[in-house]
Amino acid sequence: MRKKEKVKNILEILNRKFGKPECALKYNTPFELLVAVILSAQCTDVRVNIVTKEMYKKINTPQQFANLSLEEIEEMIKSTGFYRNKAKNIKLCSQQLLNEYNGEIPQEMEKLVKLAGVGRKTANVVRGEIWGLADGITVDTHVKRLSNLIGLTKNDDPIKIEQDLMKIVPKNSWIDFSHYLILQGRDKCVARRPKCIECEISEYCIYGKKKLINS
């Protein structure tokens, strides 16, 4: 089966299962989403939402974060892991937004990725969620793992994986496809213990087919 046909079937199955997907991170403004995505690196969305729920009641603008010391930011985000680096990025990113964009988040990919702590993954999430724009496909750990297990790519580098997926996933499904793989990764294709027997898309997955044959 050609990869494009495989993707079409997977999209249909996961659309029936999950419906229209939504971002798991809780936010009220584009900046709150940007900070939440920065915090989500090597951290669960559940933990990020717990941290931001309390933090955003007091601090939730570039100006407020720019005025805080690194130690103050670190204390608020400590439980998300890698908090020193994240605090540094959030503070610098806030300063950049104030100095270069009047505190507003730019829509352009090339401008977003120049902000501290913002790579293509973060930029894709923000652009897709806030403006419905898709210059690419968000590749997080779930998308990376499932894309390889299914057989949609043989690459390990997120940028190369994104390029592979962009060739076979319809552009109008770039945002949803990423969401679906993330949701399926949490529900069935769990790292280290994938539930292939229960997985709705196992017939289109190279790893899943092998697992079922050998079970």
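Scope of this entry: the structure provided in the associated data block. (Residues numbered from 1 in each chain as written. Predicted model: local features only at pLDDT ≥ 70, side-chain atom pairs only at ≥ 80, totals over all residues. Heavy atoms only, no water.)

### Re the nonpolar core
In terms of nonpolar packing, the biggest core is built from 34 residues, with Leu34, Phe65 and Ile77 touching the most fellow members. At the level of secondary structure, the elements contributing two or more residues to this core comprise helix 2 (30–39), helix 3 (45–58), helix 5 (70–77), helix 6 (83–101), helix 7 (109–112) and helix 8 (120–131). With 8 residues, the single largest contributor to this core is helix 2. Ignoring anything within four residues of it in the chain, the contact list for Phe65 reads Phe31, Met55, Ile59, Asn60, Ile73, Met76, Ile90, Lys91 and Ser94. Ile137, Leu152, Cys189 and Cys199 belong to the second largest nonpolar core, which has 26 residues in total. (Core = buried A, V, L, I, M, F, W, Y, C linked by side-chain atoms within 4.5 Å. Buried < 20%, exposed > 50% of the residue type's maximum accessible area, 1.4 Å probe, protein only. Helix = DSSP H or I, 4+ residues; strand = E, 2+ residues; numbered from the N terminus. Contact = heavy atoms within 4.5 Å.)

### Some words on the environment of Thr153
With respect to the helices and strands, Thr153 occurs in the loop between helix 9 (141–150) and helix 10 (158–168). Linking Thr153 and Cys199, residues 46 residues apart in sequence, is a C-alpha distance of 20 Å. When residues no more than four places from it in sequence are discounted, the contact partners of Thr153 are Ser147, Asn148, Ile161 and Asp164. At 3.0 Å, the side chain of Thr153 forms a polar contact with the backbone nitrogen of Asn155. (Polar contact = N/O pair within 3.5 Å; in protein donor to acceptor, adjacent residues only side chain to side chain.)

### Details of the environment of Ala87
One can find Ala87 in helix 6. For Ala87 and Asn99, which are 12 residues apart along the polypeptide, the C-alpha to C-alpha distance reads 18 Å. Ala87 has contacts with Leu70, Ile73, Glu74 and Ile77, leaving out every residue within four places of it along the chain.

### Focus on helix 3
Here helix 3 spans 20 Å end to end across 14 residues, near enough to the 20 Å set by a 1.5 Å rise per residue. At Thr52, helix 3 shows its largest kink, close to 30 degrees. Restricting attention to buried positions, one finds in helix 3 the residues Asp45, Val48, Asn49, Val51, Thr52, Met55 and Tyr56. (Expected span 1.5 Å × (residues − 1). Bend = angle between axes of the 7 residues up to and from the residue.)

### Brief notes about the packing of helix 1 (residues 3–18) against helix 11 (residues 174–187)
Look at helix 1 against helix 11: their axes get within 10 Å of each other, and the N-to-C directions meet at 65 degrees. The angle between the axes of helix 1 and helix 11 places the two elements in the roughly perpendicular class. Seen along the crossing, helix 1 lies across helix 11 with a hand that is left-handed. Contacts from Val7, Ile10, Leu11, Leu14, Asn15, Lys17 and Phe18 in helix 1 reach Phe177, Tyr180, Leu181, Leu183, Gln184 and Asp187 in helix 11. When the residues that make up the contact of helix 1 with helix 11 are grouped by side-chain class, the tally is 9 nonpolar, 2 polar and 2 charged. (Axes fitted to C-alpha atoms, helices over the stretch in contact; angles between N-to-C directions. Parallel < 35°, antiparallel > 145°, perpendicular 65-115°, else oblique. Left-handed = near helix turned anticlockwise from the far one by under 90°. Nonpolar A, V, L, I, M, F, W, Y, C, P; charged D, E, K, R; others polar.)

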